[in-house]
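Take a look at the letters that make up each chain.
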Amino acid sequence: MLPGIQEEKTPAMIELAGFLGYPSGHKNMSPLQKIKKKIGEILLEKGLITQKQLNEVLAIQKESGKGKLVGQILVELGYLTSEEISLVEALHQGVPYIKIDRCEIDPQVIALLPEAIMRRHQMVPIDKIKDVCTVAMVDPSDQAAIDQAQLLTKCTVKVFTTTISECRDAIE
């Protein structure tokens, strides 16, 4: 297992999963189960943001087109941290979270994707074993980005979610 992967039920993940509605300590509770609500709804229901903040974020998102995610806007406005968003997104999307700064990434692995693609899709290849390339990305639901990574790396792509700042730092 790669260092920094939060796939196991760590106390922080169990606490966050419980906060998001999973029964605490329930034997079937998995931090990787997909939640079928929009991220803004979950944040609102759990009191992490107010209705006014959500409305503001949705208005900004509408103005910017499809370029910005709700989580990105919440972080930019200072309502939540990028790590809080990434943890909620990981649970929401059923995708494990990884801290890129805890990974030792081979420069040859980083070179699998052009920098322009990494920046455009906010994704970083972090590992490659045989024909499987592990990629950390801000929006793990971006299937077009995943497809492009598979095409360019000629590998099956395994996806993890990460923060915007960690992704940016890894690219630079």
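Residues numbered from 1 in each chain as written. Predicted model: local features only at pLDDT ≥ 70, side-chain atom pairs only at ≥ 80, totals over all residues. Heavy atoms only, no water.

**Some remarks on helix 8 (residues 143–153)**
Applied cut-off: Note on exposure labels: buried denotes an accessible area under 20% of the residue type's maximum, exposed denotes more than 50%, and partly exposed covers the range between, all computed with a 1.4 Å probe on protein chains only. In DSSP terms, a helix is any run of H or I states spanning at least four residues, a strand is any run of E spanning at least two, and both are numbered starting from the N terminus. This arc corresponds to the set of directions leading from the helix axis out to the C-beta atoms. Contacts were defined at the residue level, with two residues in contact if any of their heavy atoms lie within 4.5 Å.
The set of residues buried in helix 8 consists of A145, I146, A149 and T153. The buried residues of helix 8 occupy an angular sector of 100 degrees when the element is viewed end-on, so they sit on one face. Turned more than 90 degrees off the buried face of helix 8, the exposed positions are A144 and L151. Taken together, the buried residues of helix 8 touch helix 7 (115–121), strand 3 (123–129), strand 4 (132–137) and strand 5 (156–161).

**Considerations on the environment of N55**
Looking at the secondary structure, you find N55 in helix 3 (residues 51–64). Separated by 15 residues in sequence, N55 and G40 have C-alpha atoms that sit 9.5 Å apart.

**Comments concerning the pattern of salt bridges**
Under the convention used in this document: Salt bridge criterion: a side-chain nitrogen from Lys or Arg within 4 Å of a carboxyl oxygen from Asp or Glu.
Enumeration over the complete set of coordinates arrives at five salt bridges. Its salt-bridge partner being K99, residue E83 comes within 3.6 Å of it at the nearest N-O pair. Taken together, the residues E83 in helix 5 (residues 82–93) and K99 in the loop between strand 2 (97–98) and helix 6 (107–110) connect sequence positions 16 residues apart. Here E83 falls in the partly exposed class, since its relative accessible area comes to 32%. Taken together, the shared-partner salt bridges in this structure form one network comprising E83, K99 and E166.

**Considering the nonpolar core**
Under the convention used in this document: In these notes, a set of buried Ala, Val, Leu, Ile, Met, Phe, Trp, Tyr and Cys residues joined through side-chain atoms within 4.5 Å is what counts as a nonpolar core.
I105, M123, V124 and I126 are the most contacted members of the largest nonpolar core, which totals 27 residues. Listed by contribution, the elements that provide at least two residues to this core are helix 6, strand 3, strand 4, helix 8, strand 5 and helix 9 (164–171). The residues touching I105, leaving out its near neighbours within four places in the chain, are I100, I110, P125 and I126. Core analysis: the next-biggest nonpolar cluster, separate from the first, contains eleven residues, I39, L54, V57 and I85 among them.

These values are about where atoms sit, not about what they do.
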